[in-house]
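The residues making up each chain are set out below.
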Amino acid sequence: MARTDATATRGESEPLLSIENLQTAFFTDKEVIRAVDGVSFDIERGETVGVVGESGSGKSVTARSIMGLVDSPGRVLEGSSIRFDGEELTDKSEKEYRSIRGGDIAMVFQDPLTSLNPVYTVGNQIKESLRLHQDMRGAEATEEAIDLLEAVGIPDAARRVNEYPHEFSGGMRQRAVIAMALACDPELLICDEPTTALDVTIQAQILELLDDIQEERDLAIMFITHDMGVIAEISDRVNVMYAGEIVETAPVEELFANPRHPYTEGLLNSIPGNQPGADRLETIEGDVPTPNEPATYCRFEPRCPKAFEECTRVHPEPVAVTDGADDHTAACLLYPEDVSEAEAVELHERRGDGEEVTDR
Ligand code: SF4
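Residues numbered from 1 in each chain as written. Predicted model: local features only at pLDDT ≥ 70, side-chain atom pairs only at ≥ 80, totals over all residues. Heavy atoms only, no water.

**Q** Explain the overall build of the protein chain residue by residue, including any values.
**A** Of regular secondary structure, the protein chain possesses 12 helices and 13 strands. Taken over C-alpha atoms, the radius of gyration comes to 21 Å for the protein chain, in line with the 21 Å a tight globule of 360 residues would show. With respect to the three principal axes, the spread of C-alpha positions in the protein chain is 70 × 50 × 45 Å. Within the protein chain, contacts between residues at least 6 apart in sequence are counted, and of these 65% link residues at least 24 apart. Working note: accessible area of the protein chain is about 16,800 Å², and carbon and sulfur atoms make up 46% of it. (Helix = DSSP H or I, 4+ residues; strand = E, 2+ residues; numbered from the N terminus. Rg over C-alpha atoms; globule rule 2.2 N^0.38 Å. Contact = heavy atoms within 4.5 Å. Areas by Shrake-Rupley, 256 points an atom, 1.4 Å probe, with all protein chains shown as cover.)

**Q** Tell me what's going on with the packing of aromatic side chains, and back it up with residues and numbers.
**A** Inspection of every chain in the model, using the stated rule, returns 3 aromatic pairs. Considering the side-chain rings of Y263 and F300, the 5.2 Å spacing of their centres and the 65° angle between planes classify their relative orientation as edge-to-face. Taken together, the residues span a long stretch of sequence, with Y263 in helix 11 (residues 262-269) and F300 in the loop between helix 11 and strand 12 (318-320) at a distance of 37 residues. Like Y263, the residue F300 is buried in the burial classification. These aromatic residues form a ring-pair network of at least three members: Y242, Y263 and F300. Against the face of F27 rests R75, its NZ or CZ located 4.3 Å from the ring centre. Directly above the ring of F168 sits R160, whose terminal nitrogen or CZ lies 4.8 Å from the centroid. (Phe/Tyr/Trp six-rings, centres within 6.5 Å; stacked < 30°, edge-to-face > 60°. Buried < 20%, exposed > 50% of the residue type's maximum accessible area, 1.4 Å probe, protein only. Lys NZ or Arg CZ within 6 Å of the ring centre and 35° of its normal.)

**Q** Outline the site of the ligand, supporting the account with residue identities and numerical values.
**A** Inspection of the region around the ligand gives 13 residues, with C298, C304, C311, C332 and L333 positioned closest. Of the residues that constitute the shell around the ligand, the class distribution is 10 nonpolar, 1 polar and 2 charged. (Near = heavy atom within 4 Å. Nonpolar A, V, L, I, M, F, W, Y, C, P; charged D, E, K, R; others polar.)

**Q** Provide a residue-level description of the sheet that holds strand 11 (residues 245-251), including the pertinent values.
**A** If you trace the 8 strands from one edge of the open sheet to the other, you get 7-8-9-3-10-11-13-12, paired in mixed fashion. Among the strands making up the open sheet, the edge pair consists of strand 7 (105-108) and strand 12. Neighbour to neighbour, the strand axes of the sheet diverge by 20° on average, direction disregarded. Examined bridge by bridge, strand 10 (residues 237-242) and strand 11 share 6 bridges and lie antiparallel to one another. (Pairing = 2+ DSSP bridges. Axes fitted to C-alpha atoms, helices over the stretch in contact; angles between N-to-C directions.)

**Q** Explain the packing of helix 4 (residues 122-134) against helix 5 (residues 138-151) residue by residue, including any values.
**A** Running from N to C, helix 4 and helix 5 point in directions that differ by 110°, and their axes come no closer than 9 Å. One way to sum up the angle between helix 4 and helix 5 is to call them roughly perpendicular. The handedness of the crossing between helix 4 and helix 5 comes out as right-handed. Two secondary-structure elements touch here, helix 4 through V122, G123, I126, K127 and L130 and helix 5 through A141, T142, E144, A145, L148 and L149. Considered class by class, the residues forming the contact of helix 4 with helix 5 number 7 nonpolar, 2 polar and 2 charged. (Parallel < 35°, antiparallel > 145°, perpendicular 65-115°, else oblique. Left-handed = near helix turned anticlockwise from the far one by under 90°.)

**Q** Please give an account of the environment of M241 that cites residues and values.
**A** One can find M241 in strand 10. The spacing of M241 and E282 is 41 residues in sequence and 19 Å in space, taken between C-alpha atoms. M241 has contacts with V39, V51, V52, G53, S57, G58, K59, T62, I246 and Y263, leaving out every residue within four places of it along the chain.

**Q** Requested: an account of helix 2 (residues 59-66), with residues and values cited.
**A** Counting buried residues in helix 2 gives 6 out of 8 residues, a clear majority hidden from the surface. Within the span of helix 2, buried status applies to K59, V61, T62, A63, S65 and I66. At the exit of helix 2 stands G68, carrying a positive phi of roughly 70°.

**Q** An account of the packing of helix 7 (residues 170-183) against helix 8 (residues 200-217) is needed here, citing residue identities and associated values.
**A** Running from amino to carboxyl end, helix 7 crosses helix 8 at an angle of 15°, the nearest separation of the two axes being 10 Å. Of the possible angle classes, the one that applies to helix 7 and helix 8 is roughly parallel. For helix 7 against helix 8, the interelement crossing comes out right-handed. For the pair helix 7 and helix 8, contact is made by G171, Q174, R175, I178 and L182 and by I202, Q205, I206, L209, L210, I213 and R217, respectively. Per-class residue counts for the contact of helix 7 with helix 8 are 7 nonpolar, 3 polar and 2 charged.

**Q** So, the domain arrangement of the protein chain: which residues are in play, and what are the values?
**A** Taken domain by domain, the protein chain consists of domain 1 (1-85 + 190-285), domain 2 (105-185) and domain 3 (308-360). Taking only C-alpha atoms into account, the centre of domain 2 sits 48 Å from that of domain 3. (Domains from an automatic or database assignment.)

The following block contains the structure:
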């Protein structure tokens with residue numbers, strides 16, 4: 001993890017990316033799926049923000065919403081705001097979005113083969129990005145493509161630049177995709193489970209590579225994964241997502257030392273080796289529900305070991321946890337801790353009604 005100055009500058013200037021009340025829904029004949037339901041967070045320049053949660057928590061749809069890649073029957077709803085470098089992206093036309101995508105913001109997916117075209121050499125695909133986004137051509141582009149392959153740790157890059165994707169191993173392909181993303185000289189790199197398909201050794205190498213690249217280029221990274229171990233390695237801050245909502249956010253050390261939301265506790269308890277002496281690995285029973293109705297209650301309630309009656313009728317809003325850092329919030333009716341349960345529930349209710357209520 002690159003401990004950058006980003007955390008120190010948090011709040012001092014406008015963040016590189018600022019998401020406010022992002023809502024992305026899919027409209028089918030049968031139901032409306034609120035895949036992302038009121039998500040807000042910032043990413044500073046040079047910062048790595050991890051987004052963690054099980055499948056179906058809304059992580060990838062959040063990323064696709066930022067990239068302007070939500071396909072019908074889905075759409076980003078009115079009232080959502082995605083500000084990048086001071087500009088509102090939700091107002092952009094598809095044409096305007098195209099120059100941002102792959103330019104200022106680039107994305108690396110889990111399966112490198114979705115980004116690589118099997119019929120073109122790796123070098124030609126990197127050169128195409130260089131032509132489109134940096135107006136670079138000919139020998140200059142070839143040189144740059146070789147430099148980029150070297151920068152992502154591909155040995156014998158001058159020869160391999162002429163090879164096809166099938167001639168690369170899985171780890172090498174993911175490196176090539178990262179090189180393609182860097183060819184656009186982005187300010188923000190969104191990585192959606194980029195190491196999930198790789199074995200642990202290669203995974204560690206890719207995380208190290210991202211760390212080095214970030215330090216060199218002062219790149220902001222949004223890193224999506226379901227793996228808490230990977231989150232610990234790479235993030236400065238962490239957003240924990242569940243059923244379309246962010247349920248806890250904190251700097252990474254704080255989150256691991258002092259998790260407050262029962263879902264985060266469950267995720268941490270299910271990391272192998274985190275429960276020394278335990279006979280069996282703890283798991284969170286059940287599945288993430290499909291968020292197909294407005295959140296007028298806690299969506300984690302059916303799986304929550306700490307649930308109480310009010311959890312089925314009051315929607316928990318994010319509040320600062322009492323003894324954690326100021327930038328540590330949890331969306332759970334158990335907080336704030338320094339008031340009675342009834343007072344905490346009332347605070348969440350009033351917030352949900354749009355009242356401005358301080359946490360204490
Ligand atoms: S609001 Fe209730 S059900 Fe939801 S996480 Fe908190 S205690 Fe559990």
